[in-house]
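Below, each chain spelled out in residue letters.
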Amino acid sequence: MKILDVKNYSQKQIVAEAKKVLENDLLVVYPTETCYGIAADAQSAKGVDNLIIYKGDRRKKPISVAVSSLFMAKMYADFNPEAEKIFTNFLPGPITVVMKGKHLVDSRLESEEGTLGLRLPDYPLVLAIIDEFGRPITATSANVSHGKTPYSIEDILDNLPRAKKNLIGLVINAGFLPKRKPSTIIDTSRKLPLIVRQGEFKFKKNDTVVINSQSEKETQALGKKLVKINKNQLADFCLVFLLSGELGAGKTRFAQGVGMALGLNKGIKSPTYVYCQEHPFLDKKCYRCFFHLDVWRLENEADLLQLDFKRMLARGNVLVVEWADRFPQFFQKLGENHQAKIIKVNIQNIKNNTRTISYAYSWH
Amino acid sequence: MLILGIDTSCDETSAAVSRNQMILSNVIYSQIEEHRPWGGVKPDVAKNAHLTHIDEVVTKALRRAKIKPDDLDAVAVTLGPGLAIALEVGIAYAKKLAKNYNLKIIPVNHLEGHLLSFLAKNAKGRCLVDVIQLVFPAAGLLVSGGHTEIIEIKKIGQYQIIGETLDDAAGEAFDKIAKMLGLGYPGGPVISFFAGRGQPIYQLPIPMLKRNDYNFSFSGLKTAVKNFLSNYQQEKNQQFMVDFCASVEHTIVQSIAIKLDLYLKNHSLNFLTAGGGVVNNLLLRKTLRFLARKYKIPIYLPQDKKLLSDNAAMIALAASLHQEDNCFLKSADRVPAWRLDEKIL
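Residues numbered from 1 in each chain as written. Chains lettered and ligands numbered in written order. Predicted model: local features only at pLDDT ≥ 70, side-chain atom pairs only at ≥ 80, totals over all residues. Heavy atoms only, no water.

Right, let's get into empty space enclosed by the protein. Enumeration according to the criterion identifies 7 cavities of 30 Å³ or more in this entry. Put simply, the largest cavity is a space of about 150 Å³. Together, 16 residues line the largest cavity, and Gly 250, Lys 251 and Thr 252 of chain A together with Ser 219 and Lys 222 of chain B are the ones closest to its centre. Of all elements in the fold, only helix H9 (251-261) of chain A together with helix H7 (219-231) of chain B reach the threshold of two or more residues within the lining of the largest cavity. A class-by-class count of the residues in the lining of the largest cavity yields 2 nonpolar, 6 polar and 8 charged. (1 Å grid on protein atoms, 1.4 Å probe; cavity = no way out; pocket = protein on both sides within 12 Å on 5 of 7 lines; lining within 4 Å. Points joined across faces, edges and corners; volume = space filled by probe spheres on them. Helix = DSSP H or I, 4+ residues; strand = E, 2+ residues; numbered from the N terminus. Nonpolar A, V, L, I, M, F, W, Y, C, P; charged D, E, K, R; others polar.)

This is how it looks when you write it as structure tokens:
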């Protein structure tokens, strides 16, 4: 087993070494944009044998395969329009796209239904190896089954039995990788694309729900409901409500509902004058903060940043932004923040006491 | 006792010097720039704006009071309520001063400043009423862009919130309705200006009339105005505008007056005072004076317009009335949602 540090060797040297190892049906541990992965020649039965011995008990779980381009991907799987859209729009990136396989890789990598997971890693070194090698490589994480997700080579090699160590021909050491979740797996082989595993990457979901509110109380109740649905996962992200609607639409009412769901029954008033009100609340014994913003009086995006907007986006916090439609581009960019779950709420058609409220989750 | 007051609770950076209750200087940044229409209305958001101006404002306040920082006894600073990051700037500055010149820090609630600003003495020592002549409990009304509250003043430093707005503040309602009428922002003063030329002939619902508590709500009024404007078929000419402005003003002032009336009727109180920017409104002043006459109690309204807006003189003033309470603290921290009836120490 050889360990090559990316700092000490050129890409060319590493690629050449990796190619040699893969051709000898041994395994290569390589860094990716998520965690360390382990590669075997996807078309060699012996290589896949070694991989399965290394990984241990798999219970016939399929193993995804990394390719270096859309062109290469099309050689190994049947593309439908959905898969093509994902490839062109989001890849390379931390997404595994499951499609109908063409049975050109080892059959143990495909699922029992004949589907194959394809990955196009956003890591130039890996793409270079695949290009040079000319065949797809396996793209499973480098831990043995049920082991912890590896973000450094110590995670893999410590306590690894010698028999398994001997299966590894090369370890490409890139030090500690940033702790990102594994790839998001999306199955496009069904009628509707299905997210099998939610990873780092979040697909945008724009299902707009429209309801009619007959009174202020109903507007408030909607705010309450939307928080309650999401409250359990609060520790994982910042919940952001972007409210739009005319003066007198009931945005502050909605914010009061949000506050009530967080146990804040009093003191939620219009923040127009002070721009932003902070209301600390307790969630599972953790202090979090409910920020109630009103950007009506702000003139530009720089002002918004001056309010320490970025700090508010910490995980576990809840934000309600009134008049968010004044700065659409700013909040669009906000969507790229991985920690935020954004719900856009639009209040329209104000006639006497009835309003049409539409809301949509936008995942990014 | 010479106190330097600092207030950075929201848009305005302000510093003032007071000797006991006498205001020696009161500098508000937005008024330094003479070219601004209607005094400091463009929201200069918080932190950076305060950071750039605070030094200048404090220096100017000390110069106008003709004193040196060494002469000061204490520095009073607003800890809340207000915008968190704006408050931080003033607090950090006060701490720095306190450290450099070995001063005490007196934390002040911004609302208490508004409430007590009627006690200010001008540079000649003239005042409406001296603090030792006051008899408690008394009724206080706070109406500004950010607050609308009825407060029972049990004694200086001890307050109880009797009623407050559940959504928008009265000043905000003025501003937002002005915006709906196309009068720009902030439109409170503009509505008052027009209202003086019209008659309140349009019926708008007075909010919270049926409820027996002392709370306010102005969001329903916004909706009512919206509905009225969309249903109004005739031409919206100048006469309509002045009359409609008069109606809006009348409705807002009435809704405040009705609750205050109820409160004064049910409790025996010794005087009435009011603070906050909306107290500039002439109809409100008139109505408050009428109420005071009705219940035969004296009314004290701050005379200087500067004392009604957000300013630091009222902070220094409140601090000077507080000095016996021994509430000095070095480790002051912001309290963005500080209610007047809460003790933070």
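So much for the structure itself; the text now carries on.
The next point concerns the nonpolar core. Formed by 63 residues in total, the largest nonpolar core has its most connected members in Phe 87, Val 97, Leu 118 and Ile 137 of chain A. Among the elements that make up this core, the one with the highest residue count is helix H5 (residues 124-133) of chain A (7 residues). Leaving out residues up to four positions away in the same chain, Phe 87 of chain A has contacts with Leu 70, Ala 73, Phe 79, Val 97, Met 99, Leu 118 and Leu 120 of chain A. In terms of nonpolar packing, the next biggest core, distinct from the first, is built from 51 residues, Val 143, Ile 177, Phe 228 and Leu 264 of chain B among them. (Core = buried A, V, L, I, M, F, W, Y, C linked by side-chain atoms within 4.5 Å. Buried < 20%, exposed > 50% of the residue type's maximum accessible area, 1.4 Å probe, protein only. Contact = heavy atoms within 4.5 Å.)

Let us look at the layout of surface pockets. Residue and element names in this part refer to chain A. When its volume is computed, the second largest pocket comes out at roughly 1,100 Å³. Forming the walls of the second largest pocket are 40 residues, and the residues nearest its centre are Arg 58, Lys 61, Pro 62, Ile 185 and Arg 197. The set of elements that each furnish at least two residues to the lining of the second largest pocket consists of strand S6 (95-101), strand S7 (115-119), strand S9 (140-141), strand S11 (184-187) and strand S12 (194-197). At 4 residues, the largest contribution of residues to the lining of the second largest pocket is made by S7. Within the lining of the second largest pocket, the residues separate by chemical class into 12 nonpolar, 17 polar and 11 charged.

Residue and element names in this part refer to chain B. Within the open sheet, the 5 strands sit side by side as S8-S7-S6-S9-S10. Their pairing is mixed. Either end of the sheet is taken by a strand with one partner, and the two such strands are strand S8 (158-164) and strand S10 (299-300). Where strand S6 (residues 138-143) meets strand S7 (residues 148-155), 6 bridges bridge the pair, whose relative direction is antiparallel. Bridged to Leu 142 within S7 is Glu 149. (Pairing = 2+ DSSP bridges.)

This part takes up the sheet that holds strand S3 (residues 37-39) of chain A. Residue and element names in this part refer to chain A. With mixed pairing, 5 strands are arranged side by side in an open sheet as S1-S10-S2-S3-S9. With partners counted over all chains shown, the strands left at the sheet margins are strand S1 (2-5) and S9, one partner each. Summarising the sheet, strand S2 (residues 27-30) and S3 pair through 3 bridges and their orientation is antiparallel. Its bridge partner lying in S3, Val 29 is registered against Ile 38. Set on the sheet, helix H1 (residues 11-23) makes contact with S1, S2, S3 and strand S10 (168-173); between it and S10 the angle comes to about 155°. (Axes fitted to C-alpha atoms, helices over the stretch in contact; angles between N-to-C directions.)

Right, let's talk about the packing of aromatic side chains for a bit. Using the criterion set out here, one finds 20 aromatic pairs over all chains in the structure. Pairing Phe 309 of chain A with Phe 330 of chain A gives two aromatic rings, centres 5.4 Å apart and planes at 65°, and the pair type is edge-to-face. Placement of the pair is Phe 309 of chain A in helix H11 (residues 309-312) and Phe 330 of chain A in helix H12 (residues 328-334), with a sequence separation of 21 residues. Owing to a relative accessible area of 2%, Phe 309 of chain A belongs among the buried residues under this scheme. Ring geometry for Phe 193 of chain B and Phe 194 of chain B: centres 6.0 Å apart, planes at 45°, overall tilted. Given a relative accessible area of 47%, Phe 193 of chain B falls into the partly exposed group. Taken together, the ring pairs connect Tyr 202, Phe 228, Tyr 232, Phe 240 and Phe 244 of chain B into an aromatic cluster. It is Lys 176 of chain B that lies over the ring of Trp 296 of chain A; its NZ or CZ is 5.4 Å from the centre. (Phe/Tyr/Trp six-rings, centres within 6.5 Å; stacked < 30°, edge-to-face > 60°. Lys NZ or Arg CZ within 6 Å of the ring centre and 35° of its normal.)

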